Structures are given as C-alpha cells and as structure tokens.
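Residue-level structure breakdown
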Amino acid sequence: MKKLSTASKMYLAIVFVILYAPIFYLIFYSFNSGGTMNNFESFTLEHYGAVFEDSRLIVILINTVIVALLSGLIATIIGTLGAIGIVSIKDAKMRNTLLSLNNVLIVSPDVVIGASFLILFTMVGVKLGFTSVLVSHVAFSVPIVVLMVLPKLLEMNTSLIDAARDLGATKRDVLTRVILPYISPGIFAGFFMALTYSLDDFAVTFFVTGNGFSTLSVEIYSMARAGISLTINAISGLVFFITMLVVLGYYFVNNRSKMKTEGHK
C-alpha cells in the first residue's frame, strides 16, 4: 500500500477539520454555564441535566431509538432476502434493472421520498405517527441494506452451495447454514447503516410524523426555530455520541468477523 504524501495528508486534515469543527464547537458550548455561544464562562452539566429532567424529551429519545432499532431490524431482514433474490435471478437484464431501481431509491432526494410517503399515507388513510415513521424508515433503509449485502453475495463461491446440495441439504439448510453465515458481515453492516440513517433522518420524518409523535431530529429543528438554547447543543451532543457508539459497534463486529474468517483460513 502506497503511503500518502504530505500534501494528501494536509488535504485530508483540512477536510476533517471542516467537517468536524462545527460539531465539536456545538458540543463544546453544551458545557457552557452561560446562555449563549459567544463566550464560554465555566464548565457545567446543567444543560444535559435539563435534557434528562424533561420527560417529553426522554420520551422522544426513546421513540427515536425504538424506531431506529425496529426499522433497522425489519429493513435488514427484507434487504437481505431481497439481495439474495436479486443475485439468484438468472436473467442479467432483469437483475440489472432491479439493481438500478434499488440505486435510484438511494440517490433520490429525501424531500421527494418524504412527500411521496405523505401523499401515500393520506390517500390510504393511515394516521401520521409511529406507524408512518416506521414504514418510511424501513422503506429508505432497505436499499442501503441491499447495497451492503450484495458484495458479500457476489464474492461467495457458488461451489459451496452446490456442495451443500450434493450432501443432501434442503433449500432452508442452504440458506441458514451456508449463505447467511457467509454474508453475515454484510448483514451486520447493513443493519448498522440502517440504524444510523434512521437515527439522524430529518427530511423524511418531518413529512410523515404527526399525532403527537416526534423524533429527536424533528424536535431539535422545532426547538431551534423557537430560539437558540444550549439545551439544543446538549441534545445534539447526545445524538452525536449515540451515533458514534453505533459506528464503533459496527467496526467492532466487523473486525471480529474478519478475525474469525482469517482464523478459519
């Protein structure tokens, strides 16, 4: 592997500073005892205390986590089965068409997806709330899971499946004992990606939430419109830390899977 040049390292450093400086600036002032982000007076945890003392915010945080976990789990199941189905299609033209449709959903603007679901739920008569948010999050997470699982399926040696069938394995055995264990790193990656996307989604959720149900991203937007408050910084800091924990969890599981694979080799 080629080493990065000094110019490349400086460029990467500048990019990371631009990306992370506003986030750390926001988190830094979440510990400010003053009421503004202009002057840091002294260190305090009162803003985080205010978050945990607000029962409504706690309920919204729990709602956000529940939706993220459920949508991630459901999307992972559907996306994994969908990826297996796409790979098993013999017609190359049909397979490429399905993959293109899947990729279109990934690159489609969130505003378009949110507005489309809002129109759909209105036409069908589904009340906006937990169900509408969950269905929407599952919908935009499935293509991501498919994209994460497909590479593992494509690199899988088909002789493993043929050998299992020759040994008398049923279709169910082939799926549960051969295919799923082999593509498990891709499945975990898809789950964590779906979980992360759900946690920080705003645009789609903003369109389909209602009936007293809200998530942290929508609540932070509503609070920000009412005026600058360091409680918003504290909530944003908590969301950032939760997202970082999810990412670290993904890397831990991924590295553990790689170590097991190398150990078997």
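Structure shown above.
Residues numbered from 1 in each chain as written. Predicted model: local features only at pLDDT ≥ 70, side-chain atom pairs only at ≥ 80, totals over all residues. Heavy atoms only, no water.

This paragraph deals with the overall build of the protein chain. Scanning the protein chain from N- to C-terminus turns up 12 helices and zero strands. Shown N-terminal to C-terminal, the secondary structure of the protein chain runs as helices and strands in the order α-α-α-α-α-α-α-α-α-α-α-α. Buried residues in the protein chain amount to 36% of all 265 residues. Within the protein chain, contacts between residues separated by at least 24 positions form 69% of all contacts whose residues are at least 6 apart in sequence. Approximately 16200 Å² of the protein chain is accessible, and the part contributed by carbon and sulfur atoms is 68%. (Helix = DSSP H or I, 4+ residues; strand = E, 2+ residues; numbered from the N terminus. Buried < 20%, exposed > 50% of the residue type's maximum accessible area, 1.4 Å probe, protein only. Contact = heavy atoms within 4.5 Å. Areas by Shrake-Rupley, 256 points an atom, 1.4 Å probe, with all protein chains shown as cover.)

For the rest of this paragraph, the subject is the environment of N96. With respect to the helices and strands, the residue N96 is situated in helix α4 (residues 92–107). N96 sits in the partly exposed class, given a relative accessible area of 44%. Linking N96 and I86, residues 10 residues apart in sequence, is a C-alpha distance of 8.8 Å.

A separate point is unusual backbone geometry. For N211, which is not glycine, the phi dihedral falls at a positive 55°. Following the sequence through the fold, N211 ends up in the loop between α10 (203–208) and α11 (216–226). Accessibility expressed as a relative area gives 70% for N211, which makes it exposed.

Before going further, it helps to examine helix α2 (residues 46–53). Taken as a whole, α2 has its buried residues at H47, Y48 and V51. With its buried residues spanning 100° around the axis, α2 presents them on a single face. (Arc of directions from axis to C-beta.)

Mapped onto the elements of the fold, D201 is located in the loop between α9 (184–200) and α10. Here D201 falls in the buried class, since its relative accessible area comes to 6%.

The subject of this paragraph is the packing of helix α6 (residues 130–154) against α9. Put simply, α6 and α9 touch, their axes get as near as 8 Å, and they point 150° apart. For the element pair α6 / α9, the angle class is roughly antiparallel. The two elements α6 and α9 meet at a crossing, and its hand is right-handed. Together, H137, F140, S141, I144, V145, M148, V149 and K152 of α6 and P185, G186, I187, A189, G190, M193, A194, Y197 and S198 of α9 make up the contact between the two elements. Taken together, the residues of the contact of α6 with α9 sort by class into 11 nonpolar, five polar and one charged. (Axes fitted to C-alpha atoms, helices over the stretch in contact; angles between N-to-C directions. Parallel < 35°, antiparallel > 145°, perpendicular 65-115°, else oblique. Left-handed = near helix turned anticlockwise from the far one by under 90°. Nonpolar A, V, L, I, M, F, W, Y, C, P; charged D, E, K, R; others polar.)

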